[in-house]
Amino acid sequence: MEYEQIEGASTNYNEHFLAIDEKICELLHQRKEISKKSIVFPPDKTLASLANVYGLQKEYLESVFTTIEMEDSFKPKVVPEEFKKYLPVLKSSEKRGVMYTVTFIRQYANASVVYLNMDWDENSDSFEVGEGPDFYELFIDDSYNCHSEGGGGTTGHMSYNYIISPALPDDLTGIELIFKESGWPFNKISTGFELTITLG
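Residues numbered from 1 in each chain as written. Predicted model: local features only at pLDDT ≥ 70, side-chain atom pairs only at ≥ 80, totals over all residues. Heavy atoms only, no water.

Describing the sheet that holds strand β6 (residues 157-165)
Okay, step 1: Strand order in the open sheet made by the 5 strands is β1-β2-β3-β6-β5, with antiparallel pairing throughout. Of all the strands in the sheet, the pair left with one neighbour each is β1 (83-95) and β5 (145-154). Mean inter-strand twist for the sheet, computed between neighbouring axes without regard to direction, equals 15°.
Okay, step 2: Where β1 meets strand β2 (residues 98-108), 10 bridges bridge the pair, whose relative direction is antiparallel. Its bridge partner lying in β2, Lys91 is registered against Val102. (Pairing = 2+ DSSP bridges. Helix = DSSP H or I, 4+ residues; strand = E, 2+ residues; numbered from the N terminus. Axes fitted to C-alpha atoms, helices over the stretch in contact; angles between N-to-C directions.)

Take a look at the structure:
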């Protein structure tokens, strides 16, 4: 993908900038490998120290690290095409007073669509929506790309849906869906919440 020249930007790009930019990309790759897809955002004290040492604005560094953690959101999003079948799942797991359930998977030629349902007793003190993670990311393994299509619900119930590409096999044996609290930038204070649902 080509980007238009930013208005007012200098066109004097040379080997000095290239050498620096290559190093930046190398370091981004190293950070990605070390984090293993976990969200690792520098604490405020570290950001303030880095900003002071390198003469940068702390807010600027926050935006840089936020963008680093959002790499998956820049990947091309697959649109499911050619519906094939429903795969029944009906797997549940209870955690922190919430019942998490995957009832079925929609199979398409190029993708699968998973629905995560959350149900809880709206009168229970064991779970407060405002205190729990309000957004989850889905991980399987490096063979699959997963992205959320959002969700919604009512008091006592929420549902999120995710597109997985390529499509999951019809035989779901050994497939694990790992739902993690998204953390930054959606929720700056991460609880480290993680839920695994084994499909087969």
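Let's talk about unusual backbone geometry
Okay, step 1: At the junction of Ser165 and Pro166, the peptide bond is cis and its omega measures out at -5° in the coordinates.
Okay, step 2: With respect to the helices, strands and loops of the structure, Pro166 is situated in the loop between β6 and β7 (176-181).
Okay, step 3: Here the phi dihedral of Glu82 falls at roughly 60°; this positive angle occurs in a residue that is not glycine.
Okay, step 4: You can see Glu82 is positioned in the loop between α3 (58-69) and β1.
Okay, step 5: Under the relative-accessibility criterion, Glu82 is labelled exposed at 53%. (Buried < 20%, exposed > 50% of the residue type's maximum accessible area, 1.4 Å probe, protein only.)

Description of the nonpolar core
Okay, step 1: Grouped together as the largest cluster of nonpolar side chains are 27 residues, with contacts concentrated most on Tyr100, Leu168, Leu177, Phe179 and Leu199.
Okay, step 2: Looking at this core, the elements that each hand over two or more residues are β1, β2, β3 (112-119), β4 (136-139), β6, β7 and β8 (194-198).
Okay, step 3: The element that contributes the greatest number of residues to this core is β2, accounting for 4 residues.
Okay, step 4: Ignoring sequence-local partners within four residues, the contact set of Leu168 consists of Ile105, Gln107, Ser112, Ile140, Tyr144, Ile175 and Leu199. (Core = buried A, V, L, I, M, F, W, Y, C linked by side-chain atoms within 4.5 Å. Contact = heavy atoms within 4.5 Å.)

By themselves, these are just geometric observations and shouldn't be taken as functional.
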